[in-house]
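Residue-level structural notes
Here is what each chain is made of, one letter per residue.
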Amino acid sequence: MAEEKKLFKVTIDNITVEVEPGTTILNAARLVGGEVAPPAMCYYSKLKGSGGKCRTCLVEVAAGSTADPRPMPKLVASCRTTVMDGMIVKNITSERVQDARAGIVEFLLLNHPLDCPICDQAGECHLQELSYEHGKEGTRYEFGKRTFKKHDLGPYIQLHMTRCILCYRCVFVADQLTNKRVHGVLDRGDHAEIATYIEKALDNDFIGNVIDVCPVGALTDKTFRFKNRVWFTKPMDAHRDCPTCCGEVQLWMRGDEVFRVTARKDEWGEIKDASDGKTGWICNECRFEKKDAKDWIIDGPTHVSRHSVISANHYEKVIQPQETLPEVMGGRNPKLLMDIHSISEVNRPDIHLSEIEGPAHSDDFNEP
Amino acid sequence: MSVKLLLEKAHVEGIRSYDVYRREGGYRAVEKALKTMSPEAIVEEVKKSGLRGRGGAGFPTGMKWSFIAKPEGVPRHLVCNADESEPGTFKDRYLMEFLPHLLIEGLIISSFALGSNATYIYIRGEYAWIPDILEHAIREAKANGWLGKNILGTGFDLEIYVQRGAGAYICGEETALIESLEGKRGNPRIKPPFPAVKGVWDRPTVVNNVESLAAVVPIINIGAEEYAKIGVGRSTGTKLISACGNINKPGVYEIDMTISVEEFIYSDEYCGGIKNGKRLKACIPGGSSVPILPANLLLKTAKGETRYMNYESLSDGGFATGSMMGSGGFIVLDEDQCVVKNTYTLARFYRHESCGQCSPCREGTGWMEKILKKIDSGKGAMSDIDLLWDIQRKIEGNTICPLGDAAAWPVAAAIRHFRDEFEWHVKNPEECLVRNYGLAGYAEPRPIPA
Ligand SMILES: Cc1cc2nc3c(=O)[nH]c(=O)nc-3n(C[C@H](O)[C@H](O)[C@H](O)COP(=O)(O)O)c2cc1C
Ligand code: SF4
Ligand code: SF4
Ligand code: FES
């Protein structure tokens, strides 16, 4: 007789959820969703051993458990701390957490080039999102930013070490998806860098996935570099019968042109499970070589629920305007507008793009 | 009267060799432990002795040993932490260099107590000549039946291996050490799990400092009760202090923890006073990570009581007015030393030694170093001092391993106690380049001649 599994009750920002023993605070908070889920720059649920490094997910444990309700003295990394029954966690309701997190964001940005206008990751960068949500205006850092010697990782993957936040995700990908890791973290401290030891291209059928897991623009797709901005492209779910991988991808299209191929991501920016239930890692061939719409069977526009430049995606609900938006907006897609206006408190975060008749105009977002 | 338990025989001619060590009573403790005591009884004995870890944190050794998991069929390991890289700390080197057999003896007993059949000494790479000494001693011990199979007919097998580090302070942190020992990059692990459950190759592991393990020998020899009578309160037994800086007699001293800081600095038995008749300005009493104390708070606590060289007294007053015993690296600064420069030097060290895994430590240490350099070179602003304070505050407690704290504390303590010196640097950008601030209000009460 299978005994009924006891679930643990955990209260995060005054919201109680029940989770299986062994669940981390972060994953419990993701069940609540929204802002209650701490930001995670290094944890990646699909990569074993990830997390604990960036410290953006720090939370306060106000009570350890029902059995031992003492608070934990230090803030803990929610991605690596498992819940106990009766645990009380404070994330956005804790000033200590907000203060520490602002500090972490400042640290992460200290040496970050802030060259977003020329960075291919702009628009889908987790550090950008983090800075919008938790960062301060301006910087207190008045010294030169660090630079690195350039490493060429081969024809597919572009490394911009200055943008790296040393989350180690790409190292875990190479460890867990390929049989031989040739890149890693060299040196230590603030001079640590991602590199291959002896100049070498990253060459493995699945190594392209490092691009998808990289939270910033440190690893980008060379076959997409500077070709377009993500917010001008439209993500479409597509698939093909691939002998190497699941073949389930997202195409980033403009018109009929495929600009980029990536794995499909969930609301936390992580690669989704494919229809076979396994993580939908994709192979290099699908990612880099299949840039023709004819290579793919297109399933339809990607549905993403979380709000951000690219993910606040409402294609499905949009009332088709008479003229196309790019015609009116000079090439701009509504999702960019959506983002700019939804992060601005002076405007109307309540307005839904799909409620606007015809092409959106900035007036639509001003207070009525 | 000073008691010597560890260094008693350090000056016996030829004590490094097995024959002399044995003749002087060496390996008696192994005989006693292996032949007459059970592993559990040894753990109990170490618990009763009150021995606290000598590596820095001061965690009770017997208690640590009793936490080791004992899953069926899984080997356990003891690892001796000889990475000793904390600036100001050089006591383990002395022990290993001059009394290698004392450490081997301690390792045999401790391995027996913990059930480790393969024990590792992880030694910092810069101690280039010491592995040879240790390996020679291991060979001698093996040749005489103290290591290998079926030691003393007890059925207990033990091999001791010496592993050199490659020059990283962080590999002294126990989980980084374990990673390094496994042949990986020396990044501290995220805890839990703790080494007692998953250590080397995911097996239950105890990591102890060289001095802690050597101290097991006298504990077995004289018995826990006698050992616990030495010292005071929860600071039992003797402690090695490596004294350096502006003193007449730098070196490694074995103290029983009842002597006062003043006696330690000024008596001829120990540091022999401040060099060149200068006056005491400040002291970092427990290795570079612990808070610096100005003379007035060093010799007396904030309550005006005498400060003693032991765990409790050195930390009396918390970080506000106290410091820590730490690893026993006692660094003395005289009136000619600049606290700003000293802090900058330490910050440079921590920036260089951070493993870079977690953002506060990786980025914060570098930032603090740059600001301190700026102030030190007369280019600082008043706001920089507050900024430093804020940065250290945002590092402390928010990192994976205690190196982040260790980098934050010296900066915090320097600003806490020597803010006027920082401000003087800002206000006198030219003068600070040619002259030191001096003693200011921190002069010690005149030393009492012994
Ligand atoms: C950055 C860092 C460096 C350390 N270096 C050493 C060291 O060189 N030697 C040492 O014994 N302990 C060192 N420690 C402490 C160890 O992590 C561990 O607590 C100690 O070896 C435990 O031994 P003990 O209980 O006998 O003191 C270090 C800790 C940190 C955080
Ligand atoms: S390159 Fe990207 S994925 Fe790799 S460590 Fe840096 S930020 Fe993380
Ligand atoms: S605190 Fe510093 S040394 Fe320790 S894990 Fe983090 S980055 Fe590495
Ligand atoms: S996401 Fe938890 S520490 Fe990075």
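Cut-offs and rules
- Residues numbered from 1 in each chain as written.
- Chains lettered and ligands numbered in written order.
- Predicted model: local features only at pLDDT ≥ 70, side-chain atom pairs only at ≥ 80, totals over all residues.
- Heavy atoms only, no water.
- Helix = DSSP H or I, 4+ residues; strand = E, 2+ residues; numbered from the N terminus.
- Buried < 20%, exposed > 50% of the residue type's maximum accessible area, 1.4 Å probe, protein only.
- Contact = heavy atoms within 4.5 Å.
- Areas by Shrake-Rupley, 256 points an atom, 1.4 Å probe, with all protein chains shown as cover.
- Lys, Arg positive; Asp, Glu negative; His and termini not counted.
- Charge placed at Lys NZ, Arg CZ, Asp CG, Glu CD.
- Pairing = 2+ DSSP bridges.
- Axes fitted to C-alpha atoms, helices over the stretch in contact; angles between N-to-C directions.
- Buried area = accessible area lost by both parts, 1.4 Å probe.
- Salt bridge = Lys/Arg side-chain N within 4 Å of Asp/Glu carboxyl O.
- pLDDT = per-residue confidence, 0-100.
- Expected span 1.5 Å × (residues − 1).
- Near = heavy atom within 4 Å.
- Polar contact = N/O pair within 3.5 Å; in protein donor to acceptor, adjacent residues only side chain to side chain.
- Domains from an automatic or database assignment.
- Nonpolar A, V, L, I, M, F, W, Y, C, P; charged D, E, K, R; others polar.
- Core = buried A, V, L, I, M, F, W, Y, C linked by side-chain atoms within 4.5 Å.

Turning to the overall build of chain B, a few remarks are in order. From N to C terminus, chain B includes 20 helices and 12 strands. Reported as C-alpha extents along the three principal axes, the dimensions of chain B are approximately 75 × 50 × 35 Å. For chain B, the residues scored as buried account for 63% of the 450 residues in total. Looking at chain B alone, contacts between residues at least 24 apart form 70% of all its contacts between residues at least 6 apart. Counting every atom, chain B has about 16,300 Å² of accessible surface; 52% of that belongs to carbon and sulfur. One way to put it: in chain B the 54 positive side-chain charges average out to a point 2 Å from where the 56 negative ones average out.

Right, let's get into the sheet that holds strand S3 (residues 58-63) of chain A. Residue and element names in this part refer to chain A. Across the sheet, which stays open at both edges, the five strands sit in the order S2-S1-S5-S3-S4 with mixed pairing between neighbours. Of all strands in the sheet, those with a lone pairing partner are strand S2 (15-19) and strand S4 (76-77), marking the two edges. Alignment of S3 against S4, held across two bridges, turns out to be antiparallel. Opposite Val-59, over in S4, you have Val-76 as the bridge partner. Running at roughly 115° to S2, helix H1 (residues 25-32) makes contact with strand S1 (8-12), S2, S3, S4 and strand S5 (87-90) of the sheet. Sitting on the sheet, helix H2 (residues 95-110) is in contact with S3 and S5, with an inclination near 160° to S3.

In this assembly, 35 residues from chain A lie in contact with 35 residues from chain B. Between chain A and chain B, the buried area comes to about 2,900 Å², and carbon and sulfur atoms account for 50% of it. It is Phe107(A), Arg140(A) and Arg188(A) in chain A that bury the most area against chain B; as a group they hold 25% of the surface buried on that side. Linking chain A with chain B are eight salt bridges.

Let us look at the confidence of the model for chain A. Residue and element names in this part refer to chain A. Considering every residue of chain A, the mean pLDDT works out to 85; 81% of them sit at 70 or more. Per-element averaging of pLDDT across chain A places helix H8 (residues 334-342) at the bottom with 41 and S3 at the top with 98. Long-range and interchain partners of residues 306-321, a stretch whose pLDDT sits below 50, account for 43 contacts in this model, where long-range means more than four residues apart. Every residue in residues 335-347 is under pLDDT 50, and counting partners more than four places away or in other chains gives 28 contacts.

Turning to the pairing of strand S7 (residues 183-186) of chain A, a few remarks are in order. Look at any regular strand and the pattern is simple: side chains alternate between the two faces of the sheet. Residues and elements named next belong to chain A. With four bridges connecting them, S7 and strand S8 (residues 193-196) associate as antiparallel partners. Bridge assignment links Val-185 to a residue of S8, and that residue is Ile-194. Connecting S7 to the antiparallel partner S8 that follows it, the hairpin turn spans six residues, and Asp-187 within it adopts a positive phi of roughly 60°.

On to helix H18 (residues 382-395) of chain B. An α-helical segment advances 3.6 residues per turn. Residues three or four places apart therefore align on the same side. Given a rise of 1.5 Å per residue, 14 residues ought to cover 20 Å, and the 21 Å separating the end C-alpha atoms of H18(B) matches this to within 8%. Positioned one or two residues after H18(B), Gly397(B) has a phi angle of 80°, which is positive.

The next thing to look at is the side chain of Thr220(A). Considering the arrangement of structural elements, one finds Thr220(A) in strand S9 (residues 219-221). Excluding anything up to four places from it in sequence, Thr220(A) contacts Asp120(A), Gln121(A), Tyr156(A), Ile157(A), Gln158(A) and Ile211(A).

Pairs can form between side chains of opposite charge whenever their charged atoms are close. Residues and elements named next belong to chain B. Applying the stated criterion across every chain, the model contains 58 salt bridges over all chains. Residue Glu-174 is joined to Lys-64 by a salt bridge in which the shortest nitrogen-to-oxygen separation is 3.8 Å. Of this pair, Glu-174 sits in helix H8 (residues 174-181) while Lys-64 sits in helix H4 (residues 61-66), and the two are 110 residues apart along the sequence. Owing to a relative accessible area of 23%, Glu-174 belongs among the partly exposed residues under this scheme.

Take the site of ligand 1 next. Residue and element names in this part refer to chain B. Surrounding ligand 1, one finds 18 residues, the nearest of these being Gly-55, Asn-81, Asn-208, Asn-209 and Ser-212. Between Asn-208 and ligand 1, the recorded distance is 2.8 Å, taken from a side-chain N or O atom to an oxygen atom. Take Asn-209: an N or O atom from its side chain is 2.7 Å from an oxygen atom of ligand 1. Here ligand 1, which alone exposes 610 Å², has 89% of that area covered by the protein. Looking at the shell around ligand 1, the element that brings in the most residues is strand S5 (residues 205-209), giving three residues.

What follows concerns the domain arrangement of chain B. Residues and elements named next belong to chain B. For chain B, the domain assignment lists domain 1 (18-229), domain 2 (235-334) and domain 3 (339-443). On a C-alpha basis, the centres of domain 1 and domain 2 stand 27 Å from each other. Summed over both sides, the interface of domain 1 with domain 2 buries roughly 1,600 Å², with 54% coming from carbon and sulfur. Our count for the contact surface shared by domain 1 and domain 2 stands at two salt bridges. Between Lys-239 and Glu-211 there is a salt bridge, with its nearest N and O atoms 2.9 Å apart. Joining domain 1 to domain 2, the criterion identifies 15 residue pairs in polar contact (both at pLDDT 80 or more). Taken together, the elements giving at least two residues each to the side of domain 1 that touches domain 2 come down to helix H5 (91-98) and helix H11 (224-229). Counting residues per element, the side of domain 1 that touches domain 2 draws most heavily on H5, at three residues.

Residue and element names in this part refer to chain B. The buried fraction of strand S2 (residues 116-123) is high, at seven of eight residues. Note: strand S1 (residues 76-82) against S2, seven bridges, orientation parallel. Counterpart to Asn-81 in the pairing with S2 is Tyr-122. Where S2 meets strand S4 (residues 156-164), six bridges bridge the pair, whose relative direction is parallel. Bridge pairing links Ile-121 to Val-162 in S4.

Turning to the site of ligand 2, a few remarks are in order. With respect to spatial proximity, the complete set of residues near ligand 2 consists of Cys164(A), Ile165(A), Leu166(A), Cys167(A), Tyr168(A), Cys170(A), Ile194(A), Cys214(A), Pro215(A), Val216(A), Ala218(A) and Leu219(A). Class assignment for the residues of the shell around ligand 2 results in 12 nonpolar, no polar and no charged.

Here the focus is the sheet that holds strand S10 (residues 280-284) of chain B. Residues and elements named next belong to chain B. The mixed open sheet is built from five strands, whose spatial order is S9-S8-S12-S10-S11. Edge positions in the sheet fall to strand S9 (251-256) and strand S11 (293-294), since each of these pairs with one other strand and no more. The pairing of strand S8 (residues 238-245) with S9 spans six bridges and is antiparallel. Bridge assignment links Thr-238 to a residue of S9, and that residue is Asp-256.

Another point: the nonpolar core. Core analysis: the largest hydrophobic core is formed by 65 residues, its most contacted members being Ile42(B) and Trp65(B). With nine residues, the single largest contributor to this core is helix H6 (residues 100-114) of chain B. Beyond its immediate stretch of four places on either side in the chain, Ile42(B) contacts Ala33(B), Met37(B), Trp65(B), Ile109(B), Phe112(B), Ala113(B) and Ile220(B). By size, the runner-up hydrophobic cluster in this structure holds 61 residues, among which are Leu47(A), Cys54(A), Ile211(A) and Val216(A).

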